[in-house]
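This is what each chain is made of:
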Amino acid sequence: MKRFFLLVFLFFTFLGNFFIQTRAQSVWDGTADATWYNESQSYFEISTAEQLAGIAQLTQQGTTFNGKTIVLTSDIWLNADQDSTHNWIPIGGDDNSSTEGASIGNGFRGTFNGGGHSIYNMYCEKNNYFHAGLFGAIQNPSSIDSVVLINPVVKSKGMMGALVGFSKAGGNVAISNPLVINARIYGTGGNNIGGIIGATYPCAQSYSGITYITNCGVTGYISGNYIGGIAGIAHYDNNFENITFTGSVETPESAEEVGGIAGVWHNEKGH
């Protein structure tokens, strides 16, 4: 029954947002504004695409937002439509990583609450690199809540999802109430590709920590290797609850690791 209501909600959310996009709206100018951030504060509200990009800029500079809460207070247009006018740099992770290594780059460690607001037309293209999505990497003790992505396009080698590229080792992370609508996610040669998150386990590291994903829905198209409607690869003791994927996944004929929820489930430590 919960899944039925989630599908209904996704349908009407998509219709509503289709008409909302006809309104005049300030579109991201491609710059980053980090002037709102003060290390001595623990709570922030942001309302513009430039401020959102400021989070990515700060994580690339070493800020993890540990103990900080960021609340989105308005809808965001990263592009006017599904074009590539402005290419999104993910929050956390390594912007120039040519390997999948989950030890690379800073992970976002704060709390991000989308407030149910929508982020429209994210275009994140990193064809020669890994770690792509709204967030490139998250790690303990991070949480992401109530974010809606409309028409996201993600192109990367792997470790990629519309919302999160991967979760790093060393503790628990939580993703709750996300919606991803009309996604187009294209793997360009690597692995670990999902509608929400690419990989929920730390490659080549200890298998400690659980990724919690609850009350989420994804619609769209996903292609590549090790792909799933929600996660490309899921760690053995992840906690997925009330999740729905409605769309299509496409993988090369030689690949077997594909699924509506997860491409691969790692059921044993050390696998």
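Structural data are supplied above this passage.
### Description of the environment of Asp-75
Okay, step 1: Turning to its location among the elements, Asp-75 is positioned in the loop between strand S2 (69-72) and strand S3 (76-77).
Okay, step 2: Taking the C-alpha atoms as reference points, Asp-75 and Gly-116, separated by 41 residues in sequence, lie 8.8 Å from one another.
Okay, step 3: At 3.3 Å, the side chain of Asp-75 and the side chain of His-117 are in polar contact.
Okay, step 4: Separated by 2.9 Å, the side chain of Asp-75 and the backbone nitrogen of Ser-118 make a polar contact.

### Points about the pattern of salt bridges
Where charged atoms from two side chains of opposite charge come close, those side chains can pair.
Okay, step 1: Summed over all chains, the structure comprises one salt bridge.
Okay, step 2: Where Lys-68 meets Glu-39, a salt bridge forms, and the shortest distance between an N and an O atom there is 3.9 Å. Remark: Glu-39 occurs in the loop between helix H1 (2-20) and strand S1 (43-46) and Lys-68 occurs in the loop between helix H2 (49-60) and S2; sequence separation between them is 29 residues.

### Thoughts on the environment of Tyr-37
Okay, step 1: For Tyr-37, the location among the structural elements is in the loop between H1 and S1.
Okay, step 2: The spacing of Tyr-37 and Gly-54 is 17 residues in sequence and 8.6 Å in space, taken between C-alpha atoms.
Okay, step 3: If we ignore the near neighbours within four places in the chain, the residues touching Tyr-37 are Phe-44, Leu-58, Thr-63, Phe-65 and Lys-68.
Okay, step 4: There is a polar contact of 2.6 Å between the side chain of Tyr-37 and the side chain of Glu-39.

### A closer look at unusual backbone geometry
Okay, step 1: Cis geometry marks the peptide bond from Asn-140 to Pro-141; its omega dihedral reads 10°.
Okay, step 2: Note that Pro-141 resides in the loop between strand S7 (135-138) and strand S8 (143-145).
Okay, step 3: The phi dihedral of Met-159 falls on the positive side, at around 50°, and the residue is not glycine.
Okay, step 4: Relative to the helices and strands, Met-159 is located in strand S10 (residues 153-161).
Okay, step 5: In this structure Met-159 comes out as buried when scored by relative accessible area, which is 0%.
Okay, step 6: Even without glycine at this site, Asn-182 takes up a positive phi of about 60°.
Okay, step 7: As for its placement among the helices and strands, Asn-182 is situated in strand S13 (residues 179-187).

About the cut-offs
- Residues numbered from 1 in each chain as written.
- Predicted model: local features only at pLDDT ≥ 70, side-chain atom pairs only at ≥ 80, totals over all residues.
- Heavy atoms only, no water.
- Helix = DSSP H or I, 4+ residues; strand = E, 2+ residues; numbered from the N terminus.
- Polar contact = N/O pair within 3.5 Å; in protein donor to acceptor, adjacent residues only side chain to side chain.
- Salt bridge = Lys/Arg side-chain N within 4 Å of Asp/Glu carboxyl O.
- Contact = heavy atoms within 4.5 Å.
- Buried < 20%, exposed > 50% of the residue type's maximum accessible area, 1.4 Å probe, protein only.

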